[in-house]
Every structure is written in C-alpha cells, then in structure tokens.
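# Fold and contact review
Residue strings, one per chain:
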Amino acid sequence: MARAYAAGLGGVVASEEPLASYIGARILELGGNAVDAAVSTSFALSILVPHLGGVGGDYFALIMTPDGKVEALNGSGASPSRLSLELLEERGLSAIERGPLSIVVPGMVGALYELWRRYGSLEWSKLLEAPARLAREGFPAPPSLASAIKAYRGVLEADRGSREAYLEWAVEDWSLYRLPGLARLLEELSEDPRALYEGKPAEAIVEYVSERGGVLDLNDMKSYRPEWVEPLKSSYKGWELYEIPPNSQGVVSLYILKLLEEKPLYKPLSMERFKAIVDLAIPCYKWRDLNIGDPRYMRIPLDKLLDSHVLEEIMRIKAEWKGGGMSGGDTTFYAVVDRDGMVVAGIQSLFYPFGSGLTEPKYQVTLNNRASGFTLQKGLPNTLGPSKKPLHTLSALIMRSEASGRTVALGASGGHYRPQLHAIFVTNIVDYGMSIEEAINSPRAAWDWSTGRLVAERDLGWSHSEAVVVDRIGVANAVEVKGRVKGGATDRRGDGIPIALP
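Described below are features of the structure shown in this document. (Residues numbered from 1 in each chain as written. Predicted model: local features only at pLDDT ≥ 70, side-chain atom pairs only at ≥ 80, totals over all residues. Heavy atoms only, no water.)

## Brief notes about the overall build of the chain
For the chain, the helix and strand inventory stands at 18 helices and 21 strands. For the chain, whose C-alpha radius of gyration is 21 Å, the value lies close to the compact-globule estimate of 23 Å for 502 residues. Across the chain, the fraction of contacts at a sequence separation of at least 24, relative to all contacts at a separation of at least 6, is 73%. For the chain, the accessible surface area stands at approximately 17800 Å², while carbon and sulfur atoms represent 49% of it. Each charge class in the chain can be summarised by its mean position, and for the 55 positive and 62 negative side chains these summaries are 2 Å apart. (Helix = DSSP H or I, 4+ residues; strand = E, 2+ residues; numbered from the N terminus. Rg over C-alpha atoms; globule rule 2.2 N^0.38 Å. Contact = heavy atoms within 4.5 Å. Areas by Shrake-Rupley, 256 points an atom, 1.4 Å probe, with all protein chains shown as cover. Lys, Arg positive; Asp, Glu negative; His and termini not counted. Charge placed at Lys NZ, Arg CZ, Asp CG, Glu CD.)

## Considering the pairing of strand β2 (residues 11–14)
The alternating pattern of β2 places G11 and V13 and V12 and A14 on opposite faces, both of which are buried. Where β2 and strand β10 (residues 330–338) come together, four bridges link them in antiparallel fashion. Within β10, the position partnered with A14 by the bridge is A335. Sheet topology note: the β2/strand β21 (residues 498–500) ladder contains three bridges and is antiparallel. Looking at β21, one finds that V12 is bridged to A500. (Buried < 20%, exposed > 50% of the residue type's maximum accessible area, 1.4 Å probe, protein only. Pairing = 2+ DSSP bridges.)

## Let's talk about helix α9 (residues 160–167)
Within α9, the full set of buried residues consists of G161, S162, A165, Y166 and L167. The backbone nitrogen of G161 lies 3.2 Å from a side-chain oxygen of the residue at the head of α9, namely D159. (Polar contact = N/O pair within 3.5 Å; in protein donor to acceptor, adjacent residues only side chain to side chain.)

## Details of the sheet that holds strand β9 (residues 239–243)
Pairing is antiparallel in the open sheet, where seven strands are placed in the order β1-β20-β19-β15-β14-β9-β8. On the outer flanks of this sheet lie β1 (5–8) and β8 (232–236), each paired with one strand and no other. Neighbour-to-neighbour, the strand axes of this sheet turn through a mean angle of 20°, independent of strand direction. Note: β8 against β9, five bridges, orientation antiparallel. Following the sheet pairing, S235 is matched in β9 by E240. (Axes fitted to C-alpha atoms, helices over the stretch in contact; angles between N-to-C directions.)

## Topic: the nonpolar core
In terms of nonpolar packing, the biggest core is built from 78 residues, with F43, Y59, I149, Y177 and L189 touching the most fellow members. Considering each element in turn, this core owes the most residues, ten residues, to helix α2 (residues 34–48). Among the nonpolar cores identified, the runner-up in size contains 60 residues, and V252, Y285, M434 and A489 belong to it. (Core = buried A, V, L, I, M, F, W, Y, C linked by side-chain atoms within 4.5 Å.)

## Brief notes about empty space enclosed by the protein
For the structure on display, the rule yields two cavities of 30 Å³ or more. If you add up the space inside the largest cavity, you get close to 110 Å³. Y236, L260, K263, P264, L265, Y266, R273, A276, I277, T427, D431 and Y432 are the residues that line the largest cavity. Per element, the largest residue contribution to the lining of the largest cavity is three residues, and it comes from helix α15 (residues 271–291). Tallied by class, the residues present in the lining of the largest cavity amount to eight nonpolar, one polar and three charged. The volume enclosed by the second largest cavity comes to roughly 40 Å³. (1 Å grid on protein atoms, 1.4 Å probe; cavity = no way out; pocket = protein on both sides within 12 Å on 5 of 7 lines; lining within 4 Å. Points joined across faces, edges and corners; volume = space filled by probe spheres on them. Nonpolar A, V, L, I, M, F, W, Y, C, P; charged D, E, K, R; others polar.)

## A few points about the environment of G487
Looking at the element boundaries, G487 is found in strand β20 (residues 485–490). Those residues in contact with G487 that lie beyond four places of it in its chain are Y5, A6, A7, V12, I436, A478, V479 and E480.

## Things to note about the sheet that holds β21
Sheet architecture is open: seven strands sit in the order β7-β4-β3-β11-β10-β2-β21, paired in antiparallel fashion. Whereas interior strands pair on both sides, the edge strands pair on one side only; in this sheet they are β7 (227–229) and β21. Strand after strand, the sheet turns through a mean of 15° between neighbouring axes, direction not considered. Relative to strand β4 (residues 70–75), strand β3 (residues 58–64) runs antiparallel, the two sharing six bridges. Counterpart to A61 in the pairing with β4 is L73.

## Quick notes on the packing of aromatic side chains
All told, the structure shown has 14 aromatic pairs when counted by the stated rule. Plain terms: the ring middles of Y152 and F354 are 6.4 Å apart, the flat faces sit at 65° to each other, and that makes the pair edge-to-face. Pair noted here: Y152 is in the loop between α7 (143–151) and α8 (153–157) and F354 is in the loop between β11 (343–351) and β12 (359–360), with a separation of 202 residues, a long-range link. Here Y255 and W287 contribute two aromatic rings whose centre-to-centre distance is 5.6 Å and whose plane-to-plane angle is 85°, an arrangement assigned as edge-to-face. A residue pair is termed long-range when its members are at least 10 positions apart, and Y255 in helix α14 (residues 250–260) and W287 in helix α15 qualify at 32 residues. Assigned by exposure class, Y255 and W287 land together as buried. One aromatic cluster in this structure is built from F43, Y113, W116 and W124. Over the ring of F274 we find R273; its NZ or CZ atom is 5.2 Å from the centre of that ring. (Phe/Tyr/Trp six-rings, centres within 6.5 Å; stacked < 30°, edge-to-face > 60°. Lys NZ or Arg CZ within 6 Å of the ring centre and 35° of its normal.)

## A closer look at the pattern of salt bridges
In this structure the tally under the stated criterion is 28 salt bridges. Residue E480 pairs with R406 through a salt bridge whose shortest N-O separation is 3.2 Å. Remark: R406 occurs in strand β15 (residues 406–412) and E480 occurs in strand β19 (residues 476–482); sequence separation between them is 74 residues. Residue E480 is classed as buried on the basis of its relative accessible area of 3%. Judged by its relative accessible area of 16%, R406 is buried. Because the salt bridges share partners, they merge into one network encompassing R444, E457, D491 and R493. (Salt bridge = Lys/Arg side-chain N within 4 Å of Asp/Glu carboxyl O.)

What follows is the structure, given as structure tokens:
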C-alpha cells in the first residue's frame, strides 16, 4: 500500500481531494490558521465533489484551540416552516426520499462564515478566491464525481438544473469540468457572506424550489443561524473523546466505545472483533432512533446523555439483526491542524449523492435531502415537523491522551455506518497500537442499519455466506498533534492526499 501520511511543523491538511488539501495548505502557508484553511478546504470540496458536500448541504465541526479547549459548531438546517406530516398526507406521500419536499435549509455556508467570524485571521474574501477560480476556470473531474454522474444519471435527468450542471458535459475521470454558476455564487459570497440566505441566491433557490413543488420560503432562509454547542465528552481507556451532540448521532459512537471498554480484545481483523462491535452497536442505534433528534424535542437533556442510567437503558434493549429502513448517502470529511496546534475536524454533506436531485440553475446549488432523515412515525424526537432539525448522520471525533501528549482528529463518510467506523478507528489506535494511517486504512466490517446485514470489505477475505462483501465502507481522513509535529493521513479508499508544511 502506498503511503498516505505527511508530517511537518507548520501544519497539515488531510482531505478527500488533493486540490482541496493543497488549497487549504496554501492558506496555512500564507499565514492563515486552521480555521482559515478549513473554510477554503470546505469550499474547494464543494466544487470538486459537489455531489457529496456542496454548498446546498450541511456542515458540522469540532474545533480544538491551541490551549486545548474543544468546541462544536452545528451547521445543520431546519425543515421549512410549512413542511408537516399533514402536508405529506394531503399530497398522498408515505415517505420522503428525494425531491422538493426533502430539502431543509442548507447550513454549510452560514456555518463556515460563523466559524471564520469567531476564529478566522485572514480576510474572508481571500479564503474564497481559489475555490471560485476552480469553479470558474475549471478543474480535472475527480473519479468520485465522474462515477457519481454516471451512477445517478436518472436522478439528474429528472431536474432541469441538474441536467444543465452535470449532464451537458461528457464527464470522464480527470476531464476538464467547470461550474460557472458556483463561481458566481462564491463571488457574491465573498462580498456578502449572508447572500445565500438573504440575497439574490436565496431568492433564486426559493423560487426554483417553489416551482418544483417545494415549500422552502425566504423567511426559512433568512432565519437560519448556525449554533455553537457544547461538545459531548467521554473517555476510552485513558483517552478523552469528544463528539458533536444531537441532532448529530455522534453520541452513538461514545455509547459503543463505553460499552466496549470492558469487553475482551480479539484479533484486529477477526470476525469476532467486528461482531463484538456490532452486538453493542445494534441496541445503541435502536435507542438512538427512539430518543435522538432536535434537542428541543428530546426527553433527555444533552448534559445527561452520557449518564450511566442511559447505558443501562440501552443494554436492556433486545438486540435483533433487523434493518431500520432507508440508508444514508455520502459525505466528505477533512481535518486540519496548524502550526500552533489549532485543530478543525469538519464534515459536510448533501445526505444522498446529489441530495434532493434539485439544482438551482443560475448558481448551480445542488440542494440536500436531509428531510428524508426524519421519521414519519408520530411522537418521537425525530418525527417530521415544521422548523425542526432532523436526526443527522454527520459527526466528527477528537481524541487525546495526556499521558502520551497526543491529539487525533478523525472522521469518515459512511452515513449510518459512522458510529461503528469511529469505534473501529479509536480501538485501532488505543487497543491495537496502530498509527493514524494504519487505523483508517485497515480493512473494516460493520452492521448495515438499513438492511440488518453484516457488511465486510473485500480485503478481509470473508465469504459471501459470512457477510455482504463490498469494496469499501466509507472514506476516512485524520490529523494528529504530537508535540511540535503535526501529521495527517488519508484513506486509500478515496482520491485524497495529506499535505504538510515544514
């Protein structure tokens, strides 16, 4: 396996796309801090892999300041004020998967601006220059984008804006590709960071969604604000663990790890090891589906989520290998650390590839389908309702050990797999002594929430009778701080590379 690790004293960026990593590293080189680099990296990814984490989606981040304080930013959007169970009944719908009613307010742009407002050091407009140039002048289409356009052609053909953005070009791996509408958007955002919510782009999005039968309105857009929230803090065998609180599912990672703490260790690539994780994950997921959602509707306060009685409640759930319904889609995660040790773990997503399938034509904003993350079962925290945030699959993790003086930030695409992936990565590092590169590149297996089946990567060598064999489960990235040395690693499953500064 080719090495996918880079280290230096001046910081490092690890993302799924080499150009995005370079753009972020270039901001560090110009004197920006980790937040400045994160903003540029995020916008670059929204151009390079718009089907995964574009500006029409959501964003979450964990930030560790140089003095060791960890903060969380929730950049998820709420459902339109007119979206309700009654509306679905009126339209004869029994589910939302894609389409105009699957769209919630896109939170990513507002979250990046809020992140910069609190911690950024370079001019905002400077951070958008390189991403805008990518969209305006063109870039070699990553294999991820080219293959997604082919795989989801039927979804894209059904929408005028998506056809114009993605199907008018013969897109092949590394062929020249342009998104001039997104360039126009970034140029407007460089002058007015709230333009997506209050300016002409907001008006264009609302008009197009309405034309297609959606209920997103201008007041929904104008009222959006990201939220700084207290991260959830737990531990695993002497390491501090930080995750993003609900409406993120991040707490599920902490539950699995806390329950694993007293379990025996198995060989790292054995079926026994992965089944031990799955046997604990299943009741955690089932508890999640009954109890996690928009915090305003949860019966358990956020500061009580990690109390011992909650773990006891989880373990009383009968663990059945049974599917939970629709699965999640795809995402892109990146991590940055700067010379001073500030860390950003950022994750952005439309949910399914190309989200709702709707792309506003003028600004080429492909809109999310996060409303499909709601349940239509009445009476739960995550029941669909107006102006409400859905249960979110996005999460990120920071772990640190005072004993070793080491901090690691990591995450992955993977939708509902993500809590299991985080548990695998943490135990790879803590229990099996793997480097961050080994930890995220090692073969993995997990329980599929949507089907109730065990899914295993081909490299594990398992038979089809033992598991559903696939090429990959998610794409991960990670950075670490070891004294003055900053390192980063990317996943062989993706196209990315880490870029470090001396």
